[in-house]
Amino acid sequence: MNIEQRKIIPTALISLMIVVLVFLGVTSSTQETTESNTTDADLEQKQDAVAETVRRLGGKVQSIEETPIENLFLVETSVSEFIYVTGTGKHFFLGSIYQMREDSQYPINLTLERRNESRWKLIQALDEDESINFAPDTIDTSELAVVYVFTDITCGYCRMLHQDMDDYNKAGIEIRYLAFPRAGVDSPSAQYLESAWCADDPNAAMTLLKNGKEIEQKSCENPVAEHHRLGQKMQVQGTPALILADGSMIPGYQKPAVLVQRLEQLENSDS
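Throughout what follows, the structure given in this document is the object of discussion. Please read these numbers as outputs of a predicted model, since none were measured by experiment. (Residues numbered from 1 in each chain as written. Predicted model: local features only at pLDDT ≥ 70, side-chain atom pairs only at ≥ 80, totals over all residues. Heavy atoms only, no water.)

## So, the overall build of the protein
Then step 1. A count of helices and strands for the protein gives nine helices and eleven strands.
Then step 2. Per-residue burial for the protein yields a buried fraction of 43% across its 271 residues.
Then step 3. Taking the intrachain contacts of the protein between residues at least 6 apart in sequence as the baseline, contacts between residues at least 24 apart amount to 63%.
Then step 4. For the protein, the computed accessible surface area is about 15100 Å², with 49% contributed by carbon and sulfur atoms. (Helix = DSSP H or I, 4+ residues; strand = E, 2+ residues; numbered from the N terminus. Buried < 20%, exposed > 50% of the residue type's maximum accessible area, 1.4 Å probe, protein only. Contact = heavy atoms within 4.5 Å. Areas by Shrake-Rupley, 256 points an atom, 1.4 Å probe, with all protein chains shown as cover.)

Next comes the structure, spelled out in structure tokens:
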């Protein structure tokens, strides 16, 4: 189970969940109640109504899918926002849906699971050579843990993470850097990141930058702007931002031992 799902739900969130449950209970007894054997035509009509509501809200639909709750749809927008809309399109809410399961002591955040899935699909669409990778020299690749890191060169905690690179690698963790210039793609830090990606030895150039050194300014076709847009879509708020193999995001620097523990928890939850 994701460690984020094991946190105690705040009182405010519990209140929101109660409101949602009441809302769902009310709508289930009104005209929005549908039979379980909904036809394809009915489903398409509902999805059209849902899409129209999202359009009126100013969003663009990326996907619409049914939820475990009858007549409630989950919409992912083009900027990776998640909105729950009823089948008539008349009611919607923003927030998370939790599910109680017999095999778990803790409530499962279904919205978080779906958000992680979406984030990981975006990561998987990247080519391996788009990132600057720091991998262990010798390790069984089947035991290798890959962590993507949105990074900037002016970020102190990013530099701390890079200083621990040997320890990450010794623990069997490969770090794959993605560019996220916090000041924007037209900033000096973005230009330095572009130079690192264009360098003859990107790894050495990145290490120099992380140590506060200058590198030769170069220009070439590079993924810095694409990475920045990707980070914004994933709602990266700062650097470093770590993306794990389940799509979960950890904001901020993580000591090697702490990251190893987190990865072990993730592996155990999948077994």
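## Some thoughts on the pattern of salt bridges
Then step 1. Taken as a whole, this structure holds eight salt bridges when the rule is applied.
Then step 2. With a shortest N-O distance of 3.4 Å, Arg114 and Glu76 are connected by a salt bridge. Here Arg114 is found in helix H3 (residues 110-124), whereas its partner Glu76 is found in strand S2 (residues 72-77), with 38 residues between them in sequence. For the pair formed by Arg114 and Glu76, the shared burial category is buried.
Then step 3. Between Asp152 and Arg182 there is a salt bridge whose closest N-O contact spans 3.1 Å. Of this pair, Asp152 sits in the loop between strand S8 (145-151) and helix H4 (156-163) while Arg182 sits in the loop between strand S9 (173-179) and helix H6 (188-198), placing them 30 residues apart in sequence.
Then step 4. Owing to a relative accessible area of 43%, Arg182 belongs among the partly exposed residues under this scheme.
Then step 5. Within the structure, one salt-bridge network assembled from shared partners comprises Glu65, Glu76 and Arg114. (Salt bridge = Lys/Arg side-chain N within 4 Å of Asp/Glu carboxyl O.)

## Here we look at the sheet that holds strand S3 (residues 82-86)
Strand pairing in a sheet relies on backbone hydrogen bonds, with the paired strands running either antiparallel or parallel.
Then step 1. Pairing is antiparallel across the open sheet formed by four strands, whose spatial order is S1-S2-S3-S4. Across the chains shown, the open sheet's two edge strands, defined by having one partner strand only, are strand S1 (61-66) and strand S4 (92-93).
Then step 2. Here two bridges tie S3 to S4, and the two strands are oriented antiparallel to one another. For Tyr84, the partnering residue across the bridge sits in S4 and is Phe93.
Then step 3. Set on the sheet, helix H2 (residues 40-56) makes contact with S1, S2, S3 and S4; between it and S2 the angle comes to about 50°. (Pairing = 2+ DSSP bridges. Axes fitted to C-alpha atoms, helices over the stretch in contact; angles between N-to-C directions.)

## What to know about the state of the cysteines
Then step 1. Using the criterion set out here, one finds one disulfide in the structure.
Then step 2. Residue Cys198 pairs covalently with Cys220 via a disulfide, S to S 1.9 Å. When the S-S torsion is -95°, as for the bridge of Cys198 with Cys220, the disulfide is left-handed. Of the two residues, Cys198 is situated in helix H6 and Cys220 in the loop between helix H7 (202-210) and helix H8 (224-233); the sequence distance between them amounts to 22 residues. (Disulfide = S-S within 2.5 Å.)

## Considering a negative patch on the surface
Then step 1. A grouping of Asp40, Asp42, Glu44 and Asp48 is seen on the molecular surface, where their side chains present a negatively charged patch.
Then step 2. Its location among the elements puts Asp42 in helix H2. (Patch = residues over 30% accessible without salt bridge, like charges linked within 9 Å, V, L, I, M, F, W, Y side chains within 5 Å. Lys, Arg positive; Asp, Glu negative; His and termini not counted. Charge placed at Lys NZ, Arg CZ, Asp CG, Glu CD.)

## A look at the packing of aromatic side chains
Then step 1. Overall, the coordinates contain four aromatic pairs when judged by the stated rule.
Then step 2. Seen from their ring centres, Phe134 and Tyr177 are 5.7 Å apart, and the 75° between their planes marks the pair as edge-to-face. Placement of the pair is Phe134 in strand S7 (residues 132-134) and Tyr177 in strand S9, with a sequence separation of 43 residues.
Then step 3. Assessed through its relative accessible area of 12%, Phe134 is described here as buried.
Then step 4. Note that Lys210 overlies the ring of Tyr177, its terminal NZ or CZ placed 4.9 Å from the centroid. (Phe/Tyr/Trp six-rings, centres within 6.5 Å; stacked < 30°, edge-to-face > 60°. Lys NZ or Arg CZ within 6 Å of the ring centre and 35° of its normal.)

## Topic: the sheet that holds strand S11 (residues 249-251)
Then step 1. In spatial order, the strands read S7-S9-S8-S10-S11; together these five strands make up an open sheet with mixed pairing. Two strands bound the open sheet, and with one partner strand each, they are S7 and S11. Adjacent strand axes in the sheet meet at a mean angle of 25° when their direction is disregarded.
Then step 2. In this sheet, S11 lies alongside strand S10 (residues 241-243) in antiparallel orientation, the contact comprising three bridges. Each residue of the ladder has a partner; that of Ile243, found in S11, is Met249.

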